[in-house]
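Each chain is listed here by its residues.
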Amino acid sequence: MIRVLVVDDDFMVARIHSGYVARVPGFAVVDAVHTGRAAVAAVAEHRPDLVLLDVYLPDMSGLDVLMTLRGVSHPVDVLVITAARDVATVRAAMRGGAVNYLIKPFTAGALTERLGQYADTRRQLAAIGSEVRQDEVDRFFGADRGGPPPLPKGLSATTCGLVADALRETGTDVSAAEAAVLTGLSRVSARRYLEYLCATGQAELRPRYGTAGRPEHRYRWTG
């Protein structure tokens, strides 16, 4: 079981992300905290395998937390989850050793995909032994990735192209239900393809907040 610490200044967002993690087989949330100092303390207390780390925290930058965690006795991996899109922040996260970087807002599917990639890498490293070949190192560091990740089981390239074309041609954002009408798919199927397009950087998720209840997920083509 991969133990996960969730760090986000927004209590509701932390709760939502914890729910996302809890639904992924093989992962368990050990705690959710809301400040940088609490994150450092929680790592020492719970000794998690992975930290989902926000950058915008009330007492210190998540990037400072990342650098602090590099010096703790318990080794821990960090997946940065933030609304920060600037290159300097991404570069600082890479320099600090983050295993991945996910821009808010995102879908549960996008986080599930990255957690799956993380789990796969851990399993492969554990299975190799004490030494690795260069091609294995290249795979772990992404040097051999020549294109987008494969389609999840049950999705087809032809239908994905249909959804992508429909989204691109609208010129605006659409909901999963609207995409279903445009493509003739069910809402659930349309949503799965839209989440894949977001995960591969071809679309982005834009929540639309109403007067009450959860925000509506809207998807926009980015190319």
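Residues numbered from 1 in each chain as written. Predicted model: local features only at pLDDT ≥ 70, side-chain atom pairs only at ≥ 80, totals over all residues. Heavy atoms only, no water.

Where an unreviewed UniProt entry is consulted, the chain appears under the name Transcriptional regulatory protein, with the organism given as Streptosporangium minutum. Reading the Subcellular location (unreviewed entry) entry of the UniProt record for the chain gives the comment "Cytoplasm". (UniProt positions renumbered as here; feature names shortened; annotations may be inferred.)

Participant: Would you explain the overall build of the chain in this entry?
Facilitator: The helix and strand inventory of the chain stands at nine helices and seven strands. A compact globule built from 223 residues would reach a C-alpha radius of gyration of about 17 Å, and the chain, at 18 Å, matches this within 12%. Each principal axis of the C-alpha atoms in the chain carries an extent, and together these give about 55 × 50 × 35 Å. Taking as baseline every contact in the chain between residues at least 6 positions apart, the subset at least 24 positions apart corresponds to 59%. Mean positive and mean negative side-chain charge positions of the chain (26 and 25 charges, respectively) differ by 3 Å. (Helix = DSSP H or I, 4+ residues; strand = E, 2+ residues; numbered from the N terminus. Rg over C-alpha atoms; globule rule 2.2 N^0.38 Å. Contact = heavy atoms within 4.5 Å. Lys, Arg positive; Asp, Glu negative; His and termini not counted. Charge placed at Lys NZ, Arg CZ, Asp CG, Glu CD.)

Participant: Even after reading the chapter, I still don't get the pairing of strand β3 (residues 50-53), so can you show me in this structure?
Facilitator: Here is the key point about a regular strand: its side chains alternate between the two faces of the sheet. Every second residue of β3 is oriented toward a common face, with L50 and L52 on one face and V51 and L53 on the other, all of them buried. Relative to β3, strand β1 (residues 2-7) runs parallel, the two being bridged by four bridges. When the bridges of β3 are listed, V4 appears paired with L50. In terms of strand pairing, β3 meets strand β4 (residues 77-82) through four bridges, oriented parallel. (Buried < 20%, exposed > 50% of the residue type's maximum accessible area, 1.4 Å probe, protein only. Pairing = 2+ DSSP bridges.)

Participant: Can you help me understand the UniProt feature "domain: Response regulatory" (unreviewed entry) in the chain in this one?
Facilitator: The UniProt entry lists residues 3-119 under the feature "domain: Response regulatory" (unreviewed entry), expressed in the numbering used here. Between the end C-alpha atoms of residues 3-119 the distance is 11 Å, and the span holds 44% helix and 22% strand.

Participant: When you look at the packing of aromatic side chains in this model, what are you seeing that I'm missing?
Facilitator: Two aromatic rings, taken as a pair, are described by how far apart their centres are and by the angle between their planes. Scanning the model with the defined rule gives one aromatic pair in all. Over the ring of W221 we find R168, and its NZ or CZ is 5.0 Å from the ring centre. (Phe/Tyr/Trp six-rings, centres within 6.5 Å; stacked < 30°, edge-to-face > 60°. Lys NZ or Arg CZ within 6 Å of the ring centre and 35° of its normal.)

Participant: Can you help me understand the domain arrangement of the chain in this one?
Facilitator: Interface size is commonly expressed as the accessible area that is lost once the parts come together. For the chain, the assigned domains are domain 1 (2-142) and domain 2 (157-221). Between the C-alpha centres of domain 1 and domain 2 there is a distance of 27 Å. Facing seven residues of domain 1, the contacting portion of domain 2 comprises six residues. Taken together, both faces of the contact between domain 1 and domain 2 bury some 610 Å²; the carbon and sulfur share is 57%. (Domains from an automatic or database assignment. Buried area = accessible area lost by both parts, 1.4 Å probe.)

Participant: When you look at the environment of L79 in this model, what are you seeing that I'm missing?
Facilitator: With respect to the helices, strands and loops of the structure, L79 is situated in strand β4. For L79, a relative accessible area of 1% gives the class buried. Those residues in contact with L79 that sit more than four places away from it in its chain are L50, V51, L52, L53, V99, N100, L102, R114 and L115.

Participant: Whenever I open this one, the sheet that holds β1 confuses me. Can you help?
Facilitator: Within a sheet, each strand pairs with its neighbour through backbone hydrogen bonds, oriented either parallel or antiparallel. Here we have five strands laid out as an open sheet, ordered β2-β1-β3-β4-β5, and parallel in their pairing. For this open sheet the edge positions go to β2 (27-33) and β5 (100-103), each flanked by a neighbour on one side alone. On average, each strand axis in the sheet is tilted by 20° relative to the strand beside it, whichever way the strands run. Contacts from helix α5 (residues 108-128) reach β1, β2, β3, β4 and β5 within the one sheet, and its direction differs from that of β5 by about 175°. (Axes fitted to C-alpha atoms, helices over the stretch in contact; angles between N-to-C directions.)

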